[in-house]
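Here is what each chain is made of, one letter per residue.
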Number of protein chains: 4
Amino acid sequence: MNNTFGTSVSLTLFGESHGSEIGAVIDGLAPGIAVDEERIKQALAKRRPSEASDTSRTEKDAFRIVSGVFNGYTTGTPLAILIPNEDIRSCDYTCGIARPSHADYSAYCKYHGYEDYRGGGHFSGRLTAPLTAAGAIFLSALEKLGISVNTVIESCDLSKAADGDSVGGTTKTVISGVPAGVGEPWFDSVEGLLSHAVFSIGGIKGIEFGAGFAGASMRGSEFNDAFRMKNGKVITVTNNNGGINGGITNGMEIVFRCAVKPTPSIGITQKTVDFIKGEDTEITVKGRHDGAIVRRIGVVIDSVSALVLCDMLARRYGTDVFTRGFEG
Amino acid sequence: MNNTFGTSVSLTLFGESHGSEIGAVIDGLAPGIAVDEERIKQALAKRRPSEASDTSRTEKDAFRIVSGVFNGYTTGTPLAILIPNEDIRSCDYTCGIARPSHADYSAYCKYHGYEDYRGGGHFSGRLTAPLTAAGAIFLSALEKLGISVNTVIESCDLSKAADGDSVGGTTKTVISGVPAGVGEPWFDSVEGLLSHAVFSIGGIKGIEFGAGFAGASMRGSEFNDAFRMKNGKVITVTNNNGGINGGITNGMEIVFRCAVKPTPSIGITQKTVDFIKGEDTEITVKGRHDGAIVRRIGVVIDSVSALVLCDMLARRYGTDVFTRGFEG
Amino acid sequence: MNNTFGTSVSLTLFGESHGSEIGAVIDGLAPGIAVDEERIKQALAKRRPSEASDTSRTEKDAFRIVSGVFNGYTTGTPLAILIPNEDIRSCDYTCGIARPSHADYSAYCKYHGYEDYRGGGHFSGRLTAPLTAAGAIFLSALEKLGISVNTVIESCDLSKAADGDSVGGTTKTVISGVPAGVGEPWFDSVEGLLSHAVFSIGGIKGIEFGAGFAGASMRGSEFNDAFRMKNGKVITVTNNNGGINGGITNGMEIVFRCAVKPTPSIGITQKTVDFIKGEDTEITVKGRHDGAIVRRIGVVIDSVSALVLCDMLARRYGTDVFTRGFEG
Amino acid sequence: MNNTFGTSVSLTLFGESHGSEIGAVIDGLAPGIAVDEERIKQALAKRRPSEASDTSRTEKDAFRIVSGVFNGYTTGTPLAILIPNEDIRSCDYTCGIARPSHADYSAYCKYHGYEDYRGGGHFSGRLTAPLTAAGAIFLSALEKLGISVNTVIESCDLSKAADGDSVGGTTKTVISGVPAGVGEPWFDSVEGLLSHAVFSIGGIKGIEFGAGFAGASMRGSEFNDAFRMKNGKVITVTNNNGGINGGITNGMEIVFRCAVKPTPSIGITQKTVDFIKGEDTEITVKGRHDGAIVRRIGVVIDSVSALVLCDMLARRYGTDVFTRGFEG
């Protein structure tokens, strides 16, 4: 459903980088979850370019929760978060000149020129701010159930990002504490739902679970995760399946890696087209840019993963699972 | 929605490997699409283990279309396909002994022991048969719009699959003819929808679009696909983004690669548990098995991709696009 | 989603009155629910025209459950029910002549002439057979939770249905045992979900909850249901709101009435058009027809209501509620 | 999906009567629709209590569109509308005392006491303001396709609403210009979708299409709408089916009537309970109230109907139908 994701617990995103405000609406999350604004601030700080070398555009993320929280707890009704845009100068952008690796041209084809083209509009990475704020709330809800989500940078060669160039990298996400038996066979497999959500994030171009692509060249005898009993609990000796068998969690850690492409905006002149005039041209993106968005993508991956987990758990155990617990 | 995928055009899967019949229901597909039963047979033949070395269990796929087709054309109402199971011997399976890399244990946790555990039950690869039959219809509908989907094996070292062992491999899928401007920003990106569907297929553990994981170690100046005009049309010189910018098609070929894990069933004794008794044990899977399912997964990837494309196109252009064409 | 209804627990319908089989797929229903085939037969018998005066076409409902049940219990995976069509003579129907009050013409406009026009095709009341079979399973699941659904005929003047004419009538449905606090504010109100499902049934043209239309002419002081404590429980003294306040159950019985239009097929010559030729004509529907389908619609209303309730309860309490109970 | 309605075109509602802002997010609506803020103001004025006799609480509806509109036209990306709450005094409300016919008690059961109970919270009729603002945009989109939606009061005896009492009434909605062939058989019938949306509105307790409940006592020969050719077009002589056959539009006007219950808030002391203390009590709702909300419900019914129509048309004809037209 376009800009809404999730069935029992859902998130709706709206806004453009140059509108007055961007935001997110959480729906279906249980009543009674403590909302810690400090934690949201910390999550937003992780996402925000902190160093001068990242981007010159100062992003202040003065969020406001305008509904769905009462006396510090979620009410269970839609929770809307607004973040005002500041420092929005529209003069940097030229309509018709496609920035390579950006959505300018594909968005033009989709929206017939009505799209807000300034600064990426609705496609702007800026919208990961409300996503991250919402994510902080989802992560709090999961913590109460003993579930943690943690994404780290696995590889990123910053030394290559000199002279206005940029780099990509890979991340590794580990999710602990999800009980065995969550997920669906076929279409709503854990891999399917997580990948669907993760590919929402601009710049992610690959995902692999467990041994992933490396596993494709193993033999079965090497890849298969042997089951064993340990302290009365079923475990696997290896985790090449990334905690998921047949689309369903098996109680081991859910593990996946993502490929993040190099930041599209670079300070080097590039060949492109003016798609309105229909002619070849060049583009030099002005201003300073974040040469490695992979450095701050982790908290966004955590956020969309947490959304998926909250949704799967609410579908499985009911909306009250976050306050009642698995055993309630 | 569990075993249903798609919004405007959807597919519902049902059945177990040891029930009387398995099947699929297509909904929302336009009226007036010619249904060629010969083509469905050919698709099923591609999916079927053809050699003795693959599997000893003979799968006959005598499908019946019981609704939604009248006088050789789709009616526009639900199209149900049934495939009877034959040669179903339940004695090969023992409840409680988890086959490594299979869903036996995770399904038990989800379904509390009520699942049909014989031969993988609803998790059986056998259900890719109705998926493939449905896929043949989706692929026909796409062809009329000039869209082709083609998956090939990219790597698979069959020589390693000796002595009862198995191998995995990688596949490459190329989709041609999709107009620019299809897909949604954020949650319903083309990558998101395709990956969601592709991970439905048991054994797929990774997906990457365009340059994928290799792209993560490129510089932006190397990765970014320069736009150029060619014969009055916007193209990109390279295709590291796999035909997708900001989640939306840019008119280039959509390209993705999948990691297929080694076939879980191997003829080698493995360590495992009896999860009902709660004790360590060993398992030796009897019978002969397909040592490399990657060889016949291509038509299944084509099928789920075709489902996603039909759904995206119907959402964008209306249900009649398949008979009216893009320009109608 | 066209022919699928429900989010956590869903039902998909397929088939045409003159195809080989019609059917339904239940998805998302908990594992471990006893499936009593005798009860399904009884439900189908209630729906079936039992008297010669009703319809001459003998409908045998020899259903088969082909998936989702193992050892007498639901497995939790999709449960498909098939019912073969018998006695299908296509010669009674002429394409192009619109039967008044039937979907012949509107279906032609939607499906451009590709629809299976024989006997109403997919629009045939015949499809209430798999709906009813599925309903029997939903009703069993609800019973275990102490919830009953019961529809009775409230008015139906059979004496008017002479000489080939037909009559309509009204029904009253009472649902007992649903806990307070189920449903959603705004779009997924209990009234919204129940009415959505109930209007699936051909011939239903009105629905009202509690005092309904009569309540529209009351004063607030007369209509408002006073709350009182009774045996430690909150009750209302009257039930003009039909057990629903603000879209959410209040613990009282859910009560609604439906208006069923007269059976469209009558043995009297009617004015109509040949919509293919584009000219006025007359139609005399041959054969004997059910002069008052209202007599056998009750079990169908029970069935769709039970689907809605199962879905709402699974969303609220988790999929296991049917085996675990509300307190589990 | 809780507070979101619609598939191709959707609306998400958020906010509470005593929060800082309430709002709505439209998603999936085509780019290129002119957004006329004056028209939104007029729609909001229709909804607003205009006379002192209606309510003493002044509602100012100073809406802001914060995304999805650029240079006066929809962009095609999510369109968020915010309306600040003013004059929010929380002292009028007592938690635990259930106002009869309101959601106070049922909401408490659902949200376990975490709900914002002030002034109805998320259940407040105040949320029809963003719904109405969104509706004005949907209605504009429909007008370009030649479709009008018009709801009038059919009955409402204001003379009974004296001395602090209130009255209900009935409304009649006529939708013109929808082509034949829109809607789905079974679950997504036009009646099903419209009723689902209409019952979102607090206070509506009944809906009937065409002859509705009156039709239930007609004979088939009287009820059936005879088809005729008129100016080369198929019409029906009567419209007892309300423009819908088999769930699908037949090209005639869609006609339905709604039952609106008396305004729950009255200035008369009522029996009720304190559901926190678990004891009988009385309530006298202070302040002045709108004695007949039926007077201003028409524009809200128009709005939700317009949402349903936009969604159905986008599903049928594609998202661009609003700019391209039916023939494009």
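Not measured: the values here are computed from a predicted model. (Residues numbered from 1 in each chain as written. Chains lettered and ligands numbered in written order. Predicted model: local features only at pLDDT ≥ 70, side-chain atom pairs only at ≥ 80, totals over all residues. Heavy atoms only, no water.)

## A short note on the interface of chain C and chain D
On the side of chain D, 99 residues touch chain C, which itself brings 99 residues to the contact. Both faces considered, chain C and chain D share a buried interface measuring about 8,200 Å² in area, 59% of it formed by carbon and sulfur atoms. In this assembly, chain C and chain D are joined by six salt bridges. Across the pair R228 of chain D and D280 of chain C runs a salt bridge, and its minimum N-O distance is 3.5 Å. Each residue belonging to the side of chain C that touches chain D can be placed in one class, and the counts come to 42 nonpolar, 38 polar and 19 charged. As defined by bridge partners, strand β10 (residues 204-209) of chain C adjoins strand β10 (residues 204-209) of chain D across three bridges and the pair is classed as antiparallel. (Contact = heavy atoms within 4.5 Å. Buried area = accessible area lost by both parts, 1.4 Å probe. Salt bridge = Lys/Arg side-chain N within 4 Å of Asp/Glu carboxyl O. Nonpolar A, V, L, I, M, F, W, Y, C, P; charged D, E, K, R; others polar. Pairing = 2+ DSSP bridges. Helix = DSSP H or I, 4+ residues; strand = E, 2+ residues; numbered from the N terminus.)

## A look at the relation of the copies chain C and chain B
With an axial shift of 0.0 Å and an RMSD of 0.0 Å, the rotation relating chain C to chain B amounts to 180 degrees. Both copies of the chain, as the preceding transformation shows, are related through a two-fold rotation axis. Among all C-alpha atoms of chain C, that of T12 of chain C lies closest to the rotation axis, at 4.1 Å. When the interface residues of chain C are mapped onto chain B, 100% of them again fall at the interface, so both copies present the same face. (Least-squares fit on C-alpha atoms with pLDDT ≥ 70 in both.)

## Examining the packing of aromatic side chains
All names here are of chain A. Taken as a whole and assessed by the stated rule, the structure comprises 42 aromatic pairs over all chains. Ring geometry for Y105 against F275: centres 5.6 Å apart, planes inclined by 55 degrees, an arrangement best described as tilted. In this pair, Y105 sits in helix α2 (residues 104-111) while F275 sits in the loop between β16 (270-274) and β17 (279-283), placing the two residues 170 residues apart along the sequence. Here Y105 matches F275 in class, with each residue buried. (Phe/Tyr/Trp six-rings, centres within 6.5 Å; stacked < 30°, edge-to-face > 60°. Buried < 20%, exposed > 50% of the residue type's maximum accessible area, 1.4 Å probe, protein only.)

## Details of the relation of the copies chain C and chain D
Copies of the same chain, two in number, are related to each other by a rotation about an axis and a translation along it. Mapping chain C onto chain D calls for a rotation angle of 180 degrees and an axial translation of 0.0 Å; the resulting RMSD is 0.0 Å. Of the interface residues in chain C, 100% have counterparts in chain D that sit at the interface too, so the contact is made through matching surfaces.

## Some thoughts on the packing of helix α4 (residues 190-198) of chain A against helix α4 (residues 190-198) of chain B
Two numbers describe how α4 of chain A lies on α4 of chain B: the axes approach to 8 Å, and their chain directions differ by 175 degrees. With respect to α4 of chain B, the axis of α4 of chain A lies roughly antiparallel. Contact residues: α4 of chain A offers G192, L193, S195 and H196 of chain A, while α4 of chain B offers G192, L193, S195 and H196 of chain B. Of the residues belonging to the contact of α4 of chain A with α4 of chain B, the class tally is two nonpolar, six polar and no charged. (Axes fitted to C-alpha atoms, helices over the stretch in contact; angles between N-to-C directions. Parallel < 35°, antiparallel > 145°, perpendicular 65-115°, else oblique.)

## Considerations on the packing of α4 of chain B against helix α7 (residues 298-317) of chain B
Residues and elements named next belong to chain B. Two elements in contact, α4 and α7, have axes whose closest approach is 8 Å; the angle formed by their N-to-C orientations is 140 degrees. Taken together, α4 and α7 sit at an angle that is classed as oblique. Of the two possible hands of crossing, α4 and α7 adopt the one that is right-handed. Where α4 approaches α7, its residues V190, L193, L194, A197 and V198 are matched on the opposing element by V304, S305, V308, M312 and R315. (Left-handed = near helix turned anticlockwise from the far one by under 90°.)

## Here we look at the interface of chain C and chain B
The interface of chain C with chain B comprises 44 residues on the first partner and 44 residues on the second. Across the chain C/chain B interface, buried area totals approximately 3,400 Å², and carbon plus sulfur atoms make up 61% of it. Our count for the chain C to chain B interface comes out at two salt bridges. Here R64 of chain C ties to E21 of chain B by a salt bridge, and the two come within 2.7 Å at their closest N and O atoms. Of all the secondary structure elements, the ones that give two or more residues to the side of chain C that touches chain B are β2 (10-14), β3 (21-27), β6 (73-74), β7 (79-84) and α2 (104-111) of chain C. Tallied by class, the residues present in the side of chain C that touches chain B amount to 14 nonpolar, 21 polar and nine charged.

## Description of the sheet that holds strand β7 (residues 79-84) of chain D
All names here are of chain D. The sheet built from five strands is open, its strands ordered β1-β2-β3-β7-β4 with antiparallel pairing. What marks the edges here is a single partner per strand, and that holds for β1 (4-5) and β4 (64-65). Of the pairings in the sheet, the one linking β1 to strand β2 (residues 10-14) comprises two bridges and is antiparallel in character. Across the sheet, the residue bridging to F5 is L11, located in β2.

## Let's talk about the confidence of the model for chain A
Residues and elements named next belong to chain A. When the pLDDT values of chain A are averaged, the result is 93; 94% of them are 70 or greater. Segment residues 52-57 is flagged for pLDDT under 50; beyond a separation of four residues in sequence, or across chains, it makes 21 contacts in the model. Two numbers describe this predicted complex: its pTM, 0.97, and its ipTM, 0.96. (pLDDT = per-residue confidence, 0-100.)

## Section: the nonpolar core
Formed by 146 residues in total, the largest nonpolar core has its most connected members in F138 and F322 of chain C together with F138 and F322 of chain D. Counting residues per element, this core draws most heavily on helix α7 (residues 294-317) of chain D, which supplies 15 residues. Setting aside residues no more than four positions away along its own chain, F322 of chain C makes contact with L29, A30, I33, A141, L142, K144, L145, C310, L313 and A314 of chain C. Among the nonpolar cores identified, the runner-up in size contains 145 residues, and A306 of chain A together with I65, L193 and Y317 of chain B belong to it. (Core = buried A, V, L, I, M, F, W, Y, C linked by side-chain atoms within 4.5 Å.)

## Some thoughts on the pairing of β16 of chain A
When you tally the buried positions in β16 of chain A, you get four out of five residues, the bulk of the element. Where β16 of chain A folds back onto β17 of chain A in an antiparallel hairpin, the turn is made up of four residues, including G278 of chain A, whose phi is positive at roughly 70 degrees.

## So, the sheet that holds strand β1 (residues 4-5) of chain C
Residues and elements named next belong to chain C. Across the sheet, five strands lie side by side as β1-β2-β3-β7-β4; this open sheet has antiparallel pairing. Each edge of the open sheet is held by one strand with a lone partner, namely β1 and β4 (64-65). Two strands pair when backbone bridges link them, and β4 and β7 are joined in this way by two bridges, in the antiparallel orientation. Across the sheet, residue R64 finds its bridge partner in β7, namely L82. Packed onto the sheet, helix α3 (residues 128-143) meets β2, β3 and β7 and runs at close to 30 degrees relative to β3.

## Thoughts on unusual backbone geometry
In the Ramachandran plot, S101 of chain A falls in the positive-phi region, its phi being about 70 degrees despite a non-glycine side chain. Residue W186 of chain C is not a glycine yet carries a positive backbone phi of 55 degrees. Tracing the backbone through its elements, the reader meets W186 of chain C in the loop between β9 (169-176) and α4 (190-198).

## Looking at the pattern of salt bridges
Counted under the stated rule, the structure contains 69 salt bridges over all chains. Its salt-bridge partner being E143 of chain A, residue R39 of chain A comes within 2.9 Å of it at the nearest N-O pair. In this pair, R39 of chain A sits in helix α1 (residues 37-47) while E143 of chain A sits in helix α3 (residues 128-143), placing the two residues 104 residues apart along the sequence. D290 of chain C is paired through a salt bridge with R296 of chain C; the nearest N and O atoms lie 2.4 Å apart. On the basis of relative accessibility, which here comes to 5%, the residue D290 of chain C falls in the buried class.

## Quick word on the state of the cysteines
Joining two cysteines, a disulfide is a covalent bond between their sulfur atoms. Here the structure, examined in full by the defined rule, presents zero disulfides over all chains. Of all cysteine sulfurs in the structure, the one in C156 of chain D sits closest to C258 of chain D, which takes part in no disulfide; the separation is 14 Å. (Disulfide = S-S within 2.5 Å.)

## Section: α2 of chain A
For α2 of chain A, a buried count of seven out of eight residues is recorded, marking the element as mostly surrounded by other parts of the structure. Residues of α2 of chain A that are buried in the fold lie against β11 (227-230), β12 (233-236), β13 (244-245), β14 (248-249) and α7 of chain B. Note on α2 of chain A: the residue one or two positions beyond its end, H112 of chain A, has a positive phi of about 60 degrees.

## What about the environment of F227 of chain A?
Here F227 of chain A shows up in strand β11 (residues 227-230). Distance in space between the C-alpha atoms of F227 of chain A and V237 of chain A is 6.3 Å, their sequence separation being 10 residues. In contact with F227 of chain A, not counting residues within four places along its chain, are V234, I235, T236 and N245 of chain A together with A98, R99, P100, S101, Y105, K271, T272 and V273 of chain B.

## Quick word on the side chain of E184 of chain C
As for its placement among the helices and strands, E184 of chain C is situated in the loop between β9 and α4. Here E184 of chain C is in contact with S189, G246, G247, I248 and R315 of chain C together with N2, K110 and Y111 of chain D, once residues within four sequence places are set aside.

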